[in-house]
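Take a look at the letters that make up each chain.
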Amino acid sequence: MTRILEVANLATHFETPEGLVRAVDRVSFHVDEGETLGLVGESGCGKSITALSLLRLVPPPGRIVAGMIRYRETDLTALPEKEMRRYRGRHLALVFQEPTTALNPVFTVGYQIAEGLIVHKMMRRREALREAVRLMERVRIPDAARRAREYPHQMSGGMRQRVMIAMALACRPSVLIADEPTTALDVTIQAEILDLLRRLKDEYRLALILITHNLGIIAETADRIAVMYAGRIVEQAGTADLFRTPRHPYTEGLLKSVPRLGGPTAPAGGRKPRLPAIEGGVPDLAALPAGCAFHPRCPDVMDDCRSVEPLPLPLAGGADRNVACFKHHDVHGRPR
Amino acid sequence: MNAPARSGGAPGAALLEVTGLRKYFPIRRGFFGKPAAWVRAVDGVSIQVRAGETLALVGESGSGKTTTGRCILRLLEPTSGSVRFDGVDLLALPPRAMRRMRRNIQVVFQDPYASLNPRLKIGTIVREPLEIHKVGANRRERDEMVAALLRRVGLDPAMMRRYPHEFSGGQRQRIGVARALALRPRLIVADEPVSALDVSVQAQVINLLIDLQEEYGLAYLFIAHDLAVVERIADRVAVMYLGRIVEVGSREEILKNPLHPYTRALLQAVPIPDPARTRARTVLRGDLPSPADPPPGCRFNTRCPEVIEVCRVDDPPLVEVSPGHWVACHLVPGTGSGRSGV
């Protein structure tokens, strides 16, 4: 399989009056053609900033301070801004959580889809509009020719998200980054959109990066998963491996704490079973604890965890699996 | 009549009994114009909550579940119907009596960021209901109560002097629970209390709500869209679609033996965090119709994968198909209409 995107030691920091916020730190991952990488984490873990970093769209005062983002043969971090513009939308495209704010209210959706084709593919307006209707059919918008003339506010949330996806796919990008694409949608609409994304990924041989906090969506959509916590990737593994044998205590806690349908329920007249919760809350990125950022909440905390930051290292015997935790490596990086 | 007066429970046993509740919002043309149309947000809802139990009110956006909760609390005045709490008709109560009644019925909101006054200290926020209802002899006694409440929801009483912005989402929701608990209510209407919280914090708040229920014998009307959460906390489940209850029954019945095609689709749509479990899924097509212009017949007929002719014409009544399990669907045998007996 062709490696489309490779990210190595990416760091995106924000200089704020409250101090340096290391929103993304030492993040490495890769995505191949036709593959879905799930980037999972809670609010403030850096997953959205990672997405914006890939397109070099980090808002100031944020800045990519280190690392490499290799798209095919090109290191995107080294490109001048003018060059970078040729890649955005054309090679790497982004779908946001909130389709309402990402669409322009004063243009028809058909025109907004066509715009990318006019700019990147030098298509003529009429040709681009025809292509926009075809794209709307691809994302299964019924009655596409008529709906192409509608404005965003005339559409439901689910339809707007389809328009966003059609826009993202217009220039046939190789990488599609979907940042919480269904979080604003109802669960029955969510099921439709995820179904659509899976099909389009196969049809277009996309390298798909799916960012979400929802472990159910990740389990059903991703081939591999990277778990983020406090700006770092703490564990990376194939989907089946990660769910079957989570190695990082955070991953383990997260998987246990999420209620899932068909889980244990109260016996008739008995007490309701409690969920195994992770203690404490998500840390403030401007005031991260020393050592491993998860150590104050970790049930397996050891002395080293409080002072030394563990690095993500390959797990002994685990192909394409790594974990940043002293349970699995000592401070010198030797497997335990 | 869409729903019979008593769905899913023996009479007399209910702490809260809602019957034929309707809430229509006018759509006006111009500022002073007569209503051009009505949004039927809640259109004939009957539910019961028994003392000490959790009834989950489940539905997607636009189903009317939040409006139902607000009408019960009289934060909105219903268009018609009755809301009886412990036998007393809340809608007939004059404002003063209603205020006294509020001691028994409290609310926890979804957004812990918007529901706490940012200018008040936590102690003041939790103490306020005690002061309004003159609980406790003096300030010191009330402060002691506040400290005990904060401790009970897992917060340090020393935090009393802090402001809401100094707390995380999970901690704020605990503060919201402490405030709701202050007057020892018998019923708490919890409107999506965990859906704005981080995954790792959700479990803590769900556990807290279950603990408090056992300890104080609280009843919850738990308004939610996440069925996995509902399965953990509910005793009974009512499913809403476009302003109506389409199915109600025990947790076991609704989750293991759903009869309404909408309930089934809703359950199948929930992504399961377990890659080893693959399952069949009927993906619903199309969007929720507007509650201003609901389709004739069964309101679900435009999206129903099993729709038959009668569904487009007749509105199916809510019918008890097994003890405590009520369904409004022409396809369910024993409903006395459509293909009954098939």
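Presented here is a report on the structure given in the accompanying data block. Predicted model, so just to flag it, every value in this text is computed and none were measured.

Conventions we followed
- Residues numbered from 1 in each chain as written.
- Chains lettered and ligands numbered in written order.
- Predicted model: local features only at pLDDT ≥ 70, side-chain atom pairs only at ≥ 80, totals over all residues.
- Helix = DSSP H or I, 4+ residues; strand = E, 2+ residues; numbered from the N terminus.
- Rg over C-alpha atoms; globule rule 2.2 N^0.38 Å.
- Contact = placed C-beta atoms within 7 Å.
- Expected span 1.5 Å × (residues − 1).
- Buried ≥ 20, exposed ≤ 12 C-beta atoms within 10 Å, placed from the backbone.
- Pairing = 2+ DSSP bridges.
- Axes fitted to C-alpha atoms, helices over the stretch in contact; angles between N-to-C directions.
- Nonpolar A, V, L, I, M, F, W, Y, C, P; charged D, E, K, R; others polar.
- Parallel < 35°, antiparallel > 145°, perpendicular 65-115°, else oblique.
- Left-handed = near helix turned anticlockwise from the far one by under 90°.
- Core = buried A, V, L, I, M, F, W, Y, C linked by C-beta atoms within 7 Å.

On to the overall build of chain B. The helix and strand inventory of chain B stands at nine helices and 12 strands. The globule rule puts the C-alpha radius of gyration for 342 residues at 20 Å, and the 21 Å found for chain B is close to it. Along the first, second and third principal axes, the C-alpha set of chain B runs to 65 × 55 × 45 Å. Summarising the internal contacts of chain B: among those between residues at least 6 apart in sequence, 63% fall at separations of at least 24.

Okay, helix H8 (residues 187–204) of chain A next. The terminal C-alpha atoms of H8 of chain A lie 25 Å apart, and with 18 residues this matches the ideal 26 Å at 1.5 Å per residue to within 8%. Considered for burial, the residues of H8 of chain A that qualify are Val-187, Thr-188, Ile-189, Gln-190, Ala-191, Glu-192, Ile-193, Leu-194, Leu-197 and Lys-201 of chain A. Each element contacted by the buried residues of H8 of chain A is listed here: strand E3 (36–40), helix H7 (157–169), strand E7 (175–179), strand E8 (207–212) and helix H9 (215–221) of chain A together with helix H9 (261–269) of chain B. Within two residues after H8 of chain A, Arg-205 of chain A carries a phi angle of roughly 50°, on the positive side.

What follows covers the sheet that holds strand E5 (residues 74–75) of chain A. Residues and elements named next belong to chain A. Overall, antiparallel pairing links the four strands, which are arranged E2-E1-E4-E5 in an open sheet. In this open sheet, the two strands that pair with only one neighbour each are strand E2 (19–32) and E5. Where strand E1 (residues 3–16) lies against strand E4 (residues 62–71), eight bridges are found, and the strand directions are antiparallel. The residue bridging Glu-6 from the neighbouring strand is Arg-70, located in E4. Packed onto the sheet, helix H1 (residues 47–54) meets E1, E2 and E4 and runs at close to 65° relative to E2.

Bringing the interface of chain A and chain B into the picture now. With 39 residues of chain A at the interface, the matching set in chain B holds 37 residues. Going through the elements one at a time, H8, H9, helix H10 (239–244) and helix H11 (249–257) of chain A are the ones with two or more residues in the side of chain A that touches chain B. Sorting elements by how many residues they give to the side of chain A that touches chain B places H8 of chain A first, with six residues. Residues that form the side of chain A that touches chain B fall into these classes: 16 nonpolar, 14 polar and nine charged.

The next point concerns unusual backbone geometry. Residue and element names in this part refer to chain A. Note the cis peptide between Pro-60 and Pro-61, where omega equals 5°. Although it is not a glycine, Asp-143 adopts a positive phi angle of roughly 60°. When you line up the elements, Asp-143 lands in the loop between helix H5 (125–138) and helix H6 (144–147).

What follows concerns the packing of H7 of chain A against H8 of chain A. Residue and element names in this part refer to chain A. Relative orientation of the contacting elements H7 and H8 amounts to 15°, with a least axis distance of 10 Å. Our classification of the angle between H7 and H8 gives roughly parallel. Handedness of the H7/H8 crossing: right-handed. Together, Gly-157, Gly-158, Gln-161, Ile-165 and Leu-169 of H7 and Ile-189, Glu-192, Ile-193, Leu-196, Leu-200 and Tyr-204 of H8 make up the contact between the two elements. For the contact of H7 with H8, the class distribution of residues is seven nonpolar, three polar and one charged.

What follows concerns the sheet that holds strand E6 (residues 92–95) of chain A. Residues and elements named next belong to chain A. The eight strands lie next to each other as E6-E7-E8-E3-E9-E10-E12-E11, forming an open sheet whose pairing is mixed. Each edge of the sheet is formed by a strand with only one pairing partner; in this case those strands are E6 and strand E11 (313–314). When E7 meets E8, the two strands line up parallel, connected through five bridges. Looking at the pairing, Ala-178 lines up with Leu-210 of E8. Those strands touched by H1 are E3, E6, E7, E8 and strand E9 (224–229), and its axis lies near 150° from that of E7.

Next up on the list: H1 of chain A. All names here are of chain A. Taking burial as the measure, the eight residues of H1 include seven buried ones, the bulk of the element. For H1, the set of buried residues is Lys-47, Ser-48, Ile-49, Thr-50, Ala-51, Ser-53 and Leu-54. Looking at the residues trailing H1, positive phi occurs at Arg-56, about 55°.

All names here are of chain A. Relative to the assigned elements, Thr-182 resides in the loop between E7 and H8. Take Thr-182: there are 25 C-beta atoms within 10 Å of it, and that puts it in the buried class. Along the backbone, Thr-182 and Val-308 are 126 residues apart, and their C-alpha atoms lie at a distance of 37 Å. Among residues more than four places away in sequence, those in contact with Thr-182 are Gln-190, Ile-193, Leu-194 and Ile-217.

Core analysis: the biggest nonpolar cluster contains 204 residues, and Leu-221, Phe-222 and Val-239 of chain B have the highest contact counts within it. With near-sequence residues (within four places) excluded, Val-239 of chain B lies in contact with Val-58, Gly-59, Ile-245, Val-246, Glu-247, Ile-254, His-260, Tyr-262, Thr-263 and Leu-266 of chain B.

Quick look at the pairing of strand E7 (residues 187–191) of chain B now. Residues and elements named next belong to chain B. Counting buried positions along E7 yields five of five residues, so the element is predominantly enclosed. Burial of the side chains of E7 extends over both faces: Leu-187, Val-189 and Asp-191 are buried on one face and Ile-188 and Ala-190 on the other. For strand E6 (residues 105–108) and E7, the ladder comprises four bridges, and the chain directions are parallel. Across the sheet, Val-107 pairs through a bridge with Val-189, a residue of E7. Across five bridges, E7 lies against strand E8 (residues 219–224) in parallel orientation. In the strand pairing of E8, Ile-188 is matched with Tyr-220.

To continue, consider the environment of Val-319 of chain B. All names here are of chain B. Counting through the fold element by element, Val-319 comes out in strand E11 (residues 319–322). Overall, Val-319 belongs to the partly exposed group, with 19 C-beta atoms counted inside 10 Å. With 10 residues separating them along the chain, Val-319 and Cys-329 place their C-alpha atoms 8.5 Å apart.

Shape descriptors only; they carry no functional weight alone.
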